[in-house]
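Structure at a glance
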Amino acid sequence: LIKIGEALQINTSLQTFDVSHNRICDDGAAAISECLKKNNTLRELKICENEIGSSGLIKIGEALQINTSLQTFDVSHNRISDDGAAAISECLKKNNTLQELSISKNEI
């Protein structure tokens, strides 16, 4: 996933990325967060059922504070707790492009 994340940092055409059901965990989420900091064409990201915890979502939340393209984000069915939910709430204060967010079936 690290190599895909590196490629997505410079990709200018991909709009939807679905890596659900792959057990990418927090390390994979961190790689995706780096992509989100630089990619400005990705509109939809689905990372459901990947055993991502709060530390992974905190990294993604930090990236979403500066991302200007993502509109749909699905991180349902993971292991996110209140700390991860707090990180997303902070990102929502700064991100004005995200329109759909699914964080259902976590440990919030």
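What this report covers is the structure whose coordinates are included nearby. Numbering of residues starts from 1 in every chain and runs along the sequence as written. Per-residue local features are limited, in this predicted model, to residues with pLDDT of at least 70; the limit for side-chain atom pairs, both in listing and counting, is 80 or more; totals at the level of whole chains, interfaces and linings are taken over all residues. Here the side-chain values reflect all heavy atoms present in the structure, with hydrogen atoms and water set aside.

**Thoughts on the overall build of the protein**
Put simply, the test is: By definition, any uninterrupted DSSP run of H or I lasting at least four residues is a helix, any uninterrupted run of E lasting at least two residues is a strand, and each is numbered from the N terminus. Each radius of gyration is computed over the set of C-alpha atoms, and the globule rule expresses the reference value as 2.2 Å times the number of residues to the power 0.38. Buried residues are those whose accessible area, probed at 1.4 Å on protein chains only, stays under 20% of the maximum for their type, while exposed residues exceed 50% and partly exposed ones sit between those limits. Contact between two residues is taken to exist if any of their heavy atoms lie within 4.5 Å; hydrogens are not considered. With residues, only the protein chains shown are counted as cover, and all accessible areas are computed by Shrake-Rupley using a 1.4 Å probe.
Counting its secondary structure elements, the protein contains 4 helices and 4 strands. What you see in the protein, going N to C, is helices and strands ordered as α-β-α-β-α-β-α-β. Taken over C-alpha atoms, the radius of gyration comes to 12 Å for the protein, in line with the 13 Å a tight globule of 108 residues would show. By its C-alpha atoms, the protein is 35 × 30 × 20 Å across when sized along the principal axes. A buried classification covers 44% of the 108 residues belonging to the protein. For the protein, long-range pairs separated by at least 24 residues make up 86% of all intrachain contacts whose partners lie at least 6 apart in sequence. Carbon together with sulfur atoms contributes 45% to the accessible area of the protein, which is approximately 5800 Å² in total.

**Looking at the sheet that holds strand 2 (residues 44-46)**
Filter applied, for reference: Strand pairing is assigned whenever DSSP identifies at least 2 bridges connecting the two strands. For every element, the axis is a line fit to its C-alpha atoms; helices are fit only across the contacting stretch, and the angle between N-to-C directions ranges from 0 to 180 degrees.
Sheet architecture is open: 4 strands sit in the order 1-2-3-4, paired in parallel fashion. Two strands lie at the open edges of the sheet, namely strand 1 (16-18) and strand 4 (100-102), each paired on one side alone. Neighbour-to-neighbour, the strand axes of the sheet open up by a mean angle of 0°, direction not taken into account. Pairing of strand 3 (residues 72-74) with strand 4, which is carried by 3 bridges, proceeds in the parallel orientation. Bridging across to strand 4, Asp 74 finds its partner in Ser 102.

**Structural notes on the pattern of salt bridges**
The following threshold applies: Basic side-chain nitrogens of Lys or Arg form a salt bridge, by our definition, when they fall within 4 Å of a carboxyl oxygen of Asp or Glu.
Taken as a whole and judged by the stated rule, the model has 5 salt bridges. Measuring nitrogen to oxygen at the nearest pair gives 3.5 Å for the salt bridge that ties Glu 51 to Arg 23. Linking Glu 51 in the loop between strand 2 and helix 3 (54-64) with Arg 23 in the loop between strand 1 and helix 2 (25-38), this pair joins segments that are 28 residues apart in sequence. Take Arg 23: its relative accessible area is 62%, and that puts it in the exposed class. The partner of Glu 44 in a salt bridge is Lys 46, with the nearest N and O atoms 3.4 Å apart. Take Glu 44: its relative accessible area is 22%, and that puts it in the partly exposed class.

**Description of the nonpolar core**
Formally: For our purposes a nonpolar core is just a set of buried Ala, Val, Leu, Ile, Met, Phe, Trp, Tyr and Cys residues, chained together by side-chain atoms within 4.5 Å.
Among the nonpolar cores identified, the biggest contains 23 residues, and Ile 32, Leu 36, Leu 45, Ile 47, Ile 60, Leu 70 and Phe 73 are the most heavily contacted of them. At the level of elements, helix 2, helix 3 and helix 4 (82-94) are the ones that each hand at least two residues to this core. Discounting residues that sit within four places of it in the chain, Ile 47 has contacts with Val 19, Ser 20, Ile 24, Ile 32, Ile 52, Ile 60, Phe 73, Asp 74, Val 75 and Asn 78.

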